[in-house]
Amino acid sequence: MGIKAEDYPGFFRSVFALTNIRGALVTMPHKVTTMGLVDEVSPTAAIAGATNAVLRREDGSLLADQFDGAGFVRGLLRKGFKPSGKRALVVGNGGVGSSIVASLAGLGLAEIGLFDPDAAASEALAQRIGVHYSDVKVVMGSRDPEGYDLIVNATPIGMKDGDPLPVDIDRVAPGSYVGDVVLTAEITPFLQAAGDKGCTIQVGTDMLFELIPAYLEFFGFDSATADELRA
């Protein structure tokens, strides 16, 4: 539409001044910028460092929330994983990984392990967790999965043939819950290896199909189940 960067805040507010708008989905490159244009940011969006949905409430105020990680979390809850008191390791602390951690942090986990080749990304994410969930222990710098109940690959590892596994599968305990965000294959080598050990696994597309009901509920629309959407 030819909107200049300096004009974006005014344009944004003018759109939400319309009486027939309920909200908006936000995509790159506006997920971060939009955080500074709303009246309230949810803890999940604040921890993730970005928003992908804005709700116009009845009083006209704007609420930003984040649902990229909600899809992953809804999937594991639906499969019976009980996060309270458990330990979770998230490998990859960029956009997707941060969103998953943000959605996990409020579920009563005892500990969250963060690993990213960019240590600064893990450190910044840990600081944001501490602001909102100071009771959650955060450890950084290791991708050793031993002792973790939930292990998440939130990196691109597994998208290409010959990629190494994101963690040492020999140190993953049978019975752990293992998830992957890679979408190029239904069962990645990581998930295959975890499944062979007796772990419960969650495929990348589970996150997508669980994300849509979360969006619908946020905006106050009739929801749908992930199974209905797959069908």
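Remember, predicted model here, so these are calculated numbers, not experimental data. (Residues numbered from 1 in each chain as written. Predicted model: local features only at pLDDT ≥ 70, side-chain atom pairs only at ≥ 80, totals over all residues. Heavy atoms only, no water.)

Our next topic: the overall build of the protein. Along its length, the protein carries eight helices and ten strands. Taking 231 residues into account, the globule formula puts the C-alpha radius of gyration at 17 Å, and the protein, at 18 Å, falls close to it. Taking the principal axes of its C-alpha atoms as reference, the protein extends roughly 55 × 40 × 35 Å. Across the 231 residues in the protein, those meeting the buried criterion constitute 46%. Here the protein displays about 11200 Å² of accessible surface, and carbon together with sulfur accounts for 55% of that area. Charged side chains of the protein number 19 positive and 29 negative; the gap between the two group centres comes to 2 Å. (Helix = DSSP H or I, 4+ residues; strand = E, 2+ residues; numbered from the N terminus. Rg over C-alpha atoms; globule rule 2.2 N^0.38 Å. Buried < 20%, exposed > 50% of the residue type's maximum accessible area, 1.4 Å probe, protein only. Areas by Shrake-Rupley, 256 points an atom, 1.4 Å probe, with all protein chains shown as cover. Lys, Arg positive; Asp, Glu negative; His and termini not counted. Charge placed at Lys NZ, Arg CZ, Asp CG, Glu CD.)

Strand pairing within a sheet occurs via backbone hydrogen bonds; the two strands may be parallel or antiparallel. Ordered in space as β7-β6-β5-β8-β9-β10, the six strands form an open sheet in which the pairing is parallel. The open sheet has two edge strands, β7 (137–140) and β10 (200–202), and neither has a second partner. Taking the axes of each pair of neighbouring strands and ignoring which way they run, one obtains an average angle of 15° across the sheet. Bridge analysis of strand β6 (residues 111–115) against β7 gives four bridges, and the strand direction is parallel. Looking at β7, one finds that I112 is bridged to V138. Strands in contact with helix α6 (residues 189–196) are β8 (150–153), β9 (177–180) and β10; relative to β9, the strand with the most contacts, it is inclined by about 165°. (Pairing = 2+ DSSP bridges. Axes fitted to C-alpha atoms, helices over the stretch in contact; angles between N-to-C directions. Contact = heavy atoms within 4.5 Å.)

The next subject is the layout of surface pockets. Its boundaries defined by the atoms lining it, the largest pocket holds a volume of some 420 Å³. Contributing elements (two or more residues each) for the lining of the largest pocket: α4 (95–105) and α7 (204–218). Residue contributions to the lining of the largest pocket peak at four residues, all from α4. Grouping the amino acids of the lining of the largest pocket by side-chain chemistry returns 14 nonpolar, seven polar and two charged. (1 Å grid on protein atoms, 1.4 Å probe; cavity = no way out; pocket = protein on both sides within 12 Å on 5 of 7 lines; lining within 4 Å. Points joined across faces, edges and corners; volume = space filled by probe spheres on them. Nonpolar A, V, L, I, M, F, W, Y, C, P; charged D, E, K, R; others polar.)

For the structure shown, the criterion picks out eleven salt bridges. Between E40 and R57 there is a salt bridge; the shortest N-O distance is 2.9 Å. With E40 in strand β2 (residues 40–41) and R57 in the loop between β3 (53–56) and β4 (62–65), this residue pair connects regions lying 17 residues apart in the sequence. With a relative accessible area of 38%, E40 lands in the partly exposed category. (Salt bridge = Lys/Arg side-chain N within 4 Å of Asp/Glu carboxyl O.)

On to the packing of aromatic side chains. For the coordinates displayed, the defined rule picks out four aromatic pairs. Through a chain of ring-to-ring contacts, the aromatic side chains of F67, Y215, F218 and F219 assemble into a single cluster. The ring of F81 has K86 lying over it, and the distance from NZ or CZ to the ring centre is 4.9 Å. (Phe/Tyr/Trp six-rings, centres within 6.5 Å; stacked < 30°, edge-to-face > 60°. Lys NZ or Arg CZ within 6 Å of the ring centre and 35° of its normal.)

Next up on the list: the sheet that holds β4. Spatial strand order, β1-β3-β4-β2: four strands in an open sheet with mixed pairing. On the outer flanks of this sheet lie β1 (23–25) and β2, each paired with one strand and no other. Where β1 meets β3, three bridges bridge the pair, whose relative direction is antiparallel. Bridge assignment links L25 to a residue of β3, and that residue is A53. Strands in contact with α7 are β1, β3 and β4; relative to β3, the strand with the most contacts, it is inclined by about 20°.

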